[in-house]
Amino acid sequence: MLEGLYRGAREDVRAREAALPLADLASLARDARPVQDLSGLVPREHVHIIAEVKRRSPSKGDLAEIADPVALARAYEAGGASVISVLTEGRRFGGSLEDLKAVAEAVSIPVLRKDFIDSEYQVVEARAHGASLILLILAGIDDDTASHLLEVARSWGMEALVETHSEEEVLRAVGLGASIIGVNARDLSTFELDPELFGRLKPLLPSGVFAVAESAVVNSQDVTRYREHGAHAVLVGEALVTGVDAEKAVREFIQA
């Protein structure tokens, strides 16, 4: 599944790069909305919520239509979300770069581009569409690629949420000097969930790392569990897009 997602992303990138070369894209990135202040992504009394704009997933299929991603993102921000995550992969997740740009221009908090990123072009693309953060999935890229893309992101003033799924990947992320490390409870090779994975891997993270728990969130009790295991932030998608009041749900998660 993961290999297929990266393969599809590469095909789509090649098509976009044929239409808009990297040099021209970089010019757009230099004129894009500035990177939003990331200094607030530090441990605090209440958990940070990274709220996701997510229409579909390979494991669950259609989740929500989200005809107006801007309205949803503004509801997240009003509820107190610290970051908005926007899926830009179109084949299996129903996202787009247009969603990213629209959301980034509409909110005052940092926006994360969530996609299957393994090229400099995609990093610059994220910046050109207003992202302040990108996702790097260590299950899908090697250390040389991850190091290079992290360096590229930082050269544009951005940061990366470096996603891990195992002890080996956490140690790789630490070795790369990642300042924001996520532990995804969903195994991207099997798509099975392990809600206790974050708690087992959190002790491997250095004290200066901003720790993000991802997936396996259905309600505020799940956020509480992650918080008790030391999460500084929890990334939530499905539980928010399938609910009836996104703003209220974000607020309840933060207070959990």
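Placed above this text is the structure.
Residues numbered from 1 in each chain as written. Predicted model: local features only at pLDDT ≥ 70, side-chain atom pairs only at ≥ 80, totals over all residues. Heavy atoms only, no water.

1. Let's talk about empty space enclosed by the protein
So, point 1. Taken as a whole and judged by the stated rule, the model has 1 cavity of 30 Å³ or more.
So, point 2. By volume, the largest cavity is sized at about 50 Å³.
So, point 3. In terms of lining, the largest cavity is formed by Leu-41, Ile-50, Val-83, Leu-112, Leu-133, Leu-161, Ile-180 and Phe-210. (1 Å grid on protein atoms, 1.4 Å probe; cavity = no way out; pocket = protein on both sides within 12 Å on 5 of 7 lines; lining within 4 Å. Points joined across faces, edges and corners; volume = space filled by probe spheres on them.)

2. A few points about the nonpolar core
So, point 1. Counting 88 residues, the largest nonpolar core has Ile-49, Tyr-76, Ile-84, Ile-134, Tyr-226 and Val-234 as the members making the most contacts within it.
So, point 2. Each residue touching Ile-49, except ones within four places of it in the same chain, is listed here: Ala-81, Ser-82, Val-83, Val-223, Val-234, Val-236, Val-250, Phe-253 and Ile-254.
So, point 3. Of all hydrophobic cores here, the second largest spans 7 residues; its members include Val-13, Ala-29, Tyr-121 and Val-124. (Core = buried A, V, L, I, M, F, W, Y, C linked by side-chain atoms within 4.5 Å. Buried < 20%, exposed > 50% of the residue type's maximum accessible area, 1.4 Å probe, protein only. Contact = heavy atoms within 4.5 Å.)

3. Here's the deal with helix α1 (residues 2-19)
So, point 1. A rise of 1.5 Å per residue sets the reference length of α1, with its 18 residues, at 26 Å; its end C-alpha atoms lie 26 Å apart and thus fit the reference within 8%.
So, point 2. For α1, every residue scored as buried is listed here: Leu-2, Leu-5, Tyr-6, Gly-8, Ala-9 and Val-13. Looking straight down α1, one finds that the buried residues subtend no more than 160° of arc, so they occupy a single side. In this structure, α1 carries Glu-3, Arg-14, Ala-15 and Ala-18 as exposed residues pointing more than 90 degrees from its buried face. (Helix = DSSP H or I, 4+ residues; strand = E, 2+ residues; numbered from the N terminus. Expected span 1.5 Å × (residues − 1). Arc of directions from axis to C-beta.)

4. Some remarks on the packing of helix α3 (residues 69-79) against helix α11 (residues 246-255)
So, point 1. Where α3 meets α11, the axes come as close as 7 Å, and the angle between the chain directions of the two elements is 35°. Between α3 and α11 lies a crossing whose hand is right-handed. Here Leu-72, Ala-75, Tyr-76, Ala-78 and Gly-79 of α3 lie close against α11, whose contacting residues are Ala-246, Glu-247, Val-250, Arg-251 and Ile-254.
So, point 2. Of the residues assigned to the contact of α3 with α11, the class counts are 7 nonpolar, 1 polar and 2 charged. (Axes fitted to C-alpha atoms, helices over the stretch in contact; angles between N-to-C directions. Left-handed = near helix turned anticlockwise from the far one by under 90°. Nonpolar A, V, L, I, M, F, W, Y, C, P; charged D, E, K, R; others polar.)

5. A short note on the pairing of strand β9 (residues 210-214)
So, point 1. With 5 of its 5 residues buried, β9 lies for the most part within the structure.
So, point 2. Side chains of β9 alternate between two faces, with Phe-210, Val-212 and Glu-214 and Ala-211 and Ala-213 buried alike.
So, point 3. In this structure, strand β8 (residues 180-184) lies alongside β9, joined through 5 bridges in parallel fashion. Each bridged residue has a counterpart across the sheet, and for Ile-180 the counterpart in β9 is Phe-210.
So, point 4. The pairing of β9 with strand β10 (residues 233-236) spans 3 bridges and is classified as parallel. Note that in β10 the partner of Glu-214 across the bridge is Leu-235.
So, point 5. Remark: the β9/helix α9 (residues 220-228)/β10 crossover connection has right-handed handedness. (Pairing = 2+ DSSP bridges. Right-handed = clockwise from strand over helix to strand, strands pointing away.)

Function-wise, these values are silent; they only describe arrangement.
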